[in-house]
Amino acid sequence: MTLLLAILGYVVSISLVLYLVSIPDWSVLLGFGGAEFMVLAACVVGTFVCLVFMALRWRFALLPRVDATVHFRDTYLGYLKGYFYNIILPGSIGGDVFRIQVSRELYRLTVKQGTLIVLVERSLGAVALMLFLAVGLLMSSPLNFLPVVPSWVIIFVAVSGTVAALAAMNHFLPWTMPQLVGLYAISWLGQGLDLLVAVILLLWFVDGTSPAWILVAVPLAFVITMVPISLGGLGIREAVLVGVLSLYGVAVEEATLVALLIYLVKVMVALLGYAIVAVVPFSAGNQSSLVKITDSSDKSAS
């Protein structure tokens, strides 16, 4: 079954990417100058900073659950390697599986405990992303296929949904409300920076656009890519972005170019992050366990 899902993921991603790549007028790349490459470089740096917040969230989620010292360097390196697996493996949970393994090897957590921590992180990230979606809906004109919803309804659903999600986690999970609020705040900052990268690419390469469109498109794409039917969400994510942006009036060619540039930034970060993990050691007390983790993970990825 795992092999079939992997094959399906590759087929879906390759098919969608081939179709999307055929849409833009790639001759526009010939007009790229130093400014455009500086924008792409800034977006790569921004994504690395975004992962700083994600690594901090993982660290603070781990602290109440482990007795050992949790070094930020270890969580950041773990997130970099996990980000790489999210790109190359089907679905968007390859990095989560890797980080669960890191939790087990470095901090002696059980698979259940490691999975619970990752689930809390994912849930808080999704809740933060849905708040941005609400902001995007408030800032943008309604999409034609959606009914007009009063602003107060959007605000009420966003705020009450956030409070309800935090209350439910506090009731069922072993984290206090202050801890959950702190983790949520870090999630919000990290997701916001990730969205800012996409906003910069949209505003720079397409005239007359609004940041709100990204705030609507990216959360919807995130939900779709949680279904493990593609290679790290590749193809599915870009198709959703193109679809939503085109509904706001962006030409399909321009929307596709922006979606592929967003993915290009992610690939560059994944490859650079993998290289960083290969040369930067984990904390002294964790290096032996790290070798075991990376060796086994690389074998499973291949």
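Structure report, in brief. Computed from a prediction, not measured in an experiment: that's the story for all the values here.

**What about the overall build of the chain?**
Then step 1. Secondary structure summary: the chain contains eleven helices and zero strands in total.
Then step 2. Element order for the chain, N to C, with α for helix and β for strand: α-α-α-α-α-α-α-α-α-α-α.
Then step 3. The buried share among the 302 residues of the chain stands at 48%.
Then step 4. Of the contacts formed within the chain by residues at least 6 apart in sequence, a portion of 74% connects residues at least 24 apart.

**Structural notes on the side chain of Q191**
Then step 1. In this structure, Q191 sits in helix α7 (residues 177–205).
Then step 2. Residue class for Q191 comes out buried when judged on its relative accessible area of 11%.
Then step 3. At 3.4 Å, the side chain of Q191 forms a polar contact with the backbone oxygen of G125.
Then step 4. Sequence-distant contacts of Q191, defined by excluding residues within four places in its chain, comprise M54, G125, A128, L129 and F132.

**What about unusual backbone geometry?**
Then step 1. At R108, a position not held by glycine, the phi torsion is positive, near 60 degrees.
Then step 2. In this fold, R108 is placed in the loop between α4 (94–107) and α5 (111–139).
Then step 3. Classification of R108 by relative accessible area gives exposed; the value is 60%.

**Focus: the pattern of salt bridges**
Then step 1. As enumerated under the stated definition, the model contains seven salt bridges in all.
Then step 2. Where R99 meets D96, a salt bridge forms, and the shortest distance between an N and an O atom there is 3.1 Å. With R99 and D96 both in helix α4, this residue pair falls three residues apart, about one helical turn.
Then step 3. For D96, a relative accessible area of 9% puts it in the buried group.
Then step 4. What emerges from the salt-bridge pattern is a single network uniting R57, D96, R99, E121 and R122.

**Details of the nonpolar core**
Then step 1. Membership of the largest hydrophobic core comes to 82 residues, with the highest contact counts inside it found for L51, L62, L201 and V265.
Then step 2. In this structure, V265 is in contact with L40, C43, V44, T47, V197 and L201, ignoring residues within four places of it in sequence.

**Quick word on α4**
Then step 1. For α4, spanning 14 residues, the distance from its first C-alpha to its last is 20 Å, which sits close to the expected 20 Å at 1.5 Å a residue.
Then step 2. α4 sits mainly inside the fold: twelve of its 14 residues count as buried.
Then step 3. Within the span of α4, buried status applies to G94, G95, D96, F98, R99, I100, Q101, V102, S103, E105, L106 and Y107.
Then step 4. R108 lies just past α4 and shows a positive phi near 60 degrees.

**Quick word on the environment of C50**
Then step 1. With respect to the helices and strands, the residue C50 is situated in helix α2 (residues 34–62).
Then step 2. A relative accessible area of 5% places C50 in the buried class.
Then step 3. With near-sequence residues (within four places) excluded, C50 lies in contact with G190, L193 and D194.

**Thoughts on the packing of aromatic side chains**
Then step 1. Under the counting rule described, the total for this entry stands at nine aromatic pairs.
Then step 2. Between F84 and Y274 the ring centres are 4.3 Å apart and the planes differ by 45 degrees, which places this aromatic pair in the tilted class. With F84 in helix α3 (residues 72–88) and Y274 in helix α10 (residues 252–279), the pair connects residues that are 190 residues apart, well separated along the chain.
Then step 3. Here Y274 falls in the partly exposed class, since its relative accessible area comes to 27%.
Then step 4. Judged by centre distance (5.3 Å) and plane angle (5 degrees), the ring pair of W213 and Y248 falls under stacked.

**Examining the side chain of T256**
Then step 1. Following the sequence through the fold, T256 ends up in helix α10.
Then step 2. Leaving out residues up to four positions away in the same chain, T256 has contacts with L20, I23, P24 and V242.

**Looking at the environment of F282**
Then step 1. Residue position: F282 is located in the loop between α10 and α11 (287–301).
Then step 2. Distance in space between the C-alpha atoms of F282 and F72 is 9.9 Å, their sequence separation being 210 residues.

**Here we look at a nonpolar patch on the surface**
Then step 1. On the surface, V135, L138, M139, I155, V159 and V163 cluster together to form a nonpolar patch covering roughly 500 Å² of accessible area.
Then step 2. Elements supplying a minimum of two residues to the nonpolar patch: α5 and α6 (151–172).
Then step 3. Considering the arrangement of structural elements, one finds M139 in helix α5.
Then step 4. When its relative accessible area of 51% is taken as the criterion, M139 is described as exposed.

**Overview of the packing of α2 against α7**
Then step 1. One way to put it is that α2 packs onto α7 with a least axis distance of 8 Å and a crossing angle of 170 degrees. Between α2 and α7, the angle is such that the two are roughly antiparallel.
Then step 2. Here the residues of the contact of α2 with α7 sort into 20 nonpolar, five polar and three charged.

Procedures and definitions
- Residues numbered from 1 in each chain as written.
- Predicted model: local features only at pLDDT ≥ 70, side-chain atom pairs only at ≥ 80, totals over all residues.
- Heavy atoms only, no water.
- Helix = DSSP H or I, 4+ residues; strand = E, 2+ residues; numbered from the N terminus.
- Buried < 20%, exposed > 50% of the residue type's maximum accessible area, 1.4 Å probe, protein only.
- Contact = heavy atoms within 4.5 Å.
- Polar contact = N/O pair within 3.5 Å; in protein donor to acceptor, adjacent residues only side chain to side chain.
- Salt bridge = Lys/Arg side-chain N within 4 Å of Asp/Glu carboxyl O.
- Core = buried A, V, L, I, M, F, W, Y, C linked by side-chain atoms within 4.5 Å.
- Expected span 1.5 Å × (residues − 1).
- Phe/Tyr/Trp six-rings, centres within 6.5 Å; stacked < 30°, edge-to-face > 60°.
- Patch = residues over 30% accessible without salt bridge, like charges linked within 9 Å, V, L, I, M, F, W, Y side chains within 5 Å.
- Areas by Shrake-Rupley, 256 points an atom, 1.4 Å probe, with all protein chains shown as cover.
- Axes fitted to C-alpha atoms, helices over the stretch in contact; angles between N-to-C directions.
- Parallel < 35°, antiparallel > 145°, perpendicular 65-115°, else oblique.
- Nonpolar A, V, L, I, M, F, W, Y, C, P; charged D, E, K, R; others polar.

Limitation: the analysis is restricted to geometry and does not speak to function.
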